[in-house]
Amino acid sequence: MVDAAFADRPEWDLPAWAEGHRPGERWEEQDYNRYVADRVEGFVCLDRKLVRTPAHRRGFEACDLLGPDGELVHVKKISRRTGSGPLSHLFAQGIVAVDSLTDRETWHQFVDLVREQHPARADGLGDRPHTLVFAIHRSNGLLTPDRLFTFARSELASAAVLFQRLGVRLQVCVIP
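Analysis parameters
Residues numbered from 1 in each chain as written. Predicted model: local features only at pLDDT ≥ 70, side-chain atom pairs only at ≥ 80, totals over all residues. Heavy atoms only, no water. Buried < 20%, exposed > 50% of the residue type's maximum accessible area, 1.4 Å probe, protein only. Helix = DSSP H or I, 4+ residues; strand = E, 2+ residues; numbered from the N terminus. Pairing = 2+ DSSP bridges. Phe/Tyr/Trp six-rings, centres within 6.5 Å; stacked < 30°, edge-to-face > 60°.

Enquirer: Please give an account of the pairing of strand β6 (residues 131-138) that cites residues and values.
Expert: Buried residues dominate β6, accounting for 8 of its 8 residues. Burial of β6 is two-sided: the residues Thr131, Val133, Ala135 and His137 facing one way and the residues Leu132, Phe134, Ile136 and Arg138 facing the other way are all buried. Judged from the 7 bridges that link them, strand β5 (residues 72-78) and β6 form a sheet pairing that is parallel. Looking at β6, one finds that Lys77 is bridged to His137. By the bridge criterion, 6 bridges tie β6 to strand β7 (residues 169-174) in an arrangement that is parallel.

Enquirer: Report on unusual backbone geometry, specifying residues and quantitative values.
Expert: Even without being glycine, Arg48 reaches a positive phi, approximately 70 degrees. Among the secondary structure elements, Arg48 is positioned in the loop between β1 (44-45) and β2 (50-51).

Enquirer: I'd like a rundown of the packing of aromatic side chains, residues and numbers included.
Expert: For any pair of aromatic rings, the description rests on two quantities: the centre-to-centre distance and the angle between the ring planes. Taken as a whole and judged by the stated rule, the model has 5 aromatic pairs. Residues Trp12 and Phe43 carry aromatic rings whose centres are separated by 5.0 Å and whose planes lie at 85 degrees to one another, so their mutual orientation is edge-to-face. Of this pair, Trp12 sits in the loop between α1 (2-7) and α2 (29-39) while Phe43 sits in the loop between α2 and β1, placing them 31 residues apart in sequence. Considering the side-chain rings of Phe91 and Phe134, the 4.8 Å spacing of their centres and the 65 degrees angle between planes classify their relative orientation as edge-to-face. Placement of the pair is Phe91 in helix α3 (residues 85-101) and Phe134 in strand β6, with a sequence separation of 43 residues. Judged by relative accessible area, which is 1%, Phe91 ranks as buried. With relative accessibility at 0%, the residue Phe134 sits in the buried group.

The structure is reproduced here in structure tokens:
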């Protein structure tokens, strides 16, 4: 299932991580997400916009970017030194998002959140999530299923099982 997520790529590509900033300039995930939404047609930045529910009173991030076809896109930059923690967290975020957004009321809250950012995009979202994309940039560029740490691979496998059960497509996009 992990290999299948890497093999099933979105129809779109994301710009290279370094494309939007000058050398030496600090470039965080939030900066990259805004850059993508500003420069790539069809993307909406929802980074740090939280959906609050009785189960998630502090809120959860449904996605960093909303893709051109309504994909929930979760973005993460990793390096050789970060270990499995950031990827495991990313995959757990996706699990929380999909599990929560399959609830009708929570989905409507998400659609309202999208409407606040981009009213036209909210109208075409349907009644539940259909695809989640984990978009990952690894600083040395080498990211394959075989290179995932054990815990991260296990968390991605858990996501794949849940998403399949809920009828949500899982894709992995490697950001150059």
